[in-house]
Amino acid sequence: VQLVESGGGLVQAGGSLRLSCAASGRTFRSYNMGWFRQAPGQEREFVAGIRWNGGSTYYGTFVRGRFTISRDNARDTVWLQMNSLKPEDTAAYYCAAAPRTTILSELQNSKQYDYWGQGTQVTVSS
């Protein structure tokens, strides 16, 4: 499956952004989806995951209610709504697809994912 992220950009602290990830090539509903991020010099970090049917979601501990992941299988798209952004949220954000058999708690493990997008940059200014 091919994944293309969009929606990144420059935003002031406290602002919001909505990232999109459009999928093509295989049946989107066959995959659980996740968002990760990576800042320069740091390891890739799990942000959020969602089951193939949208019925369950899972978030990284740092999210603390600020971000929401959602998906629409009819549109082959997953979104990440990010509110109350902080400078430390600055990173490249990646969406990724994992087999729908992946259990929810394992969605935080990047090794569970078979496909990755190219990323979209989010920069939060103070």
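Look a little higher up for the structure.
The structure contained in this document is the topic of the report that follows. (Residues numbered from 1 in each chain as written. Predicted model: local features only at pLDDT ≥ 70, side-chain atom pairs only at ≥ 80, totals over all residues. Heavy atoms only, no water.)

**Quick word on the state of the cysteines**
Okay, step 1: Taken as a whole and assessed by the stated rule, the structure comprises one disulfide.
Okay, step 2: Residue pairing for Cys21: its cysteine sulfur links by disulfide to Cys95, the two sulfurs lying 1.9 Å apart. The chirality of the disulfide connecting Cys21 with Cys95 is right-handed, given an S-S dihedral of about 50°. On the criterion of sequence distance, the pair formed by Cys21 in strand E3 (residues 17–24) and Cys95 in strand E9 (residues 91–99) is long-range, its members being 74 residues apart. Across this residue pair, the class does not change: Cys21 and Cys95 are buried. (Disulfide = S-S within 2.5 Å. Helix = DSSP H or I, 4+ residues; strand = E, 2+ residues; numbered from the N terminus. Buried < 20%, exposed > 50% of the residue type's maximum accessible area, 1.4 Å probe, protein only.)

**Some words on the pairing of strand E4 (residues 31–38)**
Okay, step 1: Across the eight residues that make up E4, a large majority, seven, are buried.
Okay, step 2: Pairing geometry for E4 and E9, over eight bridges, is antiparallel. Looking at the pairing, Trp35 lines up with Cys95 of E9.
Okay, step 3: Here E4 runs beside strand E5 (residues 45–50); their pairing, made up of five bridges, is antiparallel. What sits directly across from Met33, in E5, is Ile50.
Okay, step 4: Between E4 and E5, which pair antiparallel one after the other, the connecting turn spans six residues, and Gly41 there sits at a positive phi close to 80°. (Pairing = 2+ DSSP bridges.)

**Describing the pairing of strand E8 (residues 77–82)**
Okay, step 1: By the criterion of burial, E8 is predominantly enclosed, with five of the six residues buried.
Okay, step 2: Both E3 and E8 contribute to a ladder of six bridges, which runs antiparallel. The partner of Ala22 across the bridge, within E8, is Thr77.
Okay, step 3: Pairing of strand E7 (residues 67–72) with E8, which is carried by six bridges, proceeds in the antiparallel orientation. When the bridges of E8 are listed, Thr68 appears paired with Gln81.
Okay, step 4: Counting the residues in the hairpin turn of E7 and E8 gives four residues, including Asp76, whose phi is positive at 50°.

**Considerations on the sheet that holds strand E1 (residues 2–6)**
Okay, step 1: Across the sheet, which stays open at both edges, the four strands sit in the order E1-E3-E8-E7 with antiparallel pairing between neighbours. Whereas interior strands pair on both sides, the edge strands pair on one side only; in this sheet they are E1 and E7. Taken over all neighbouring pairs, the strand axes of this sheet differ in orientation by 15° on average, direction set aside.
Okay, step 2: Sheet analysis places E1 next to E3, joined by five bridges and oriented antiparallel. Bridging from a neighbouring strand, Val4 pairs with Ala22 of E3. (Axes fitted to C-alpha atoms, helices over the stretch in contact; angles between N-to-C directions.)

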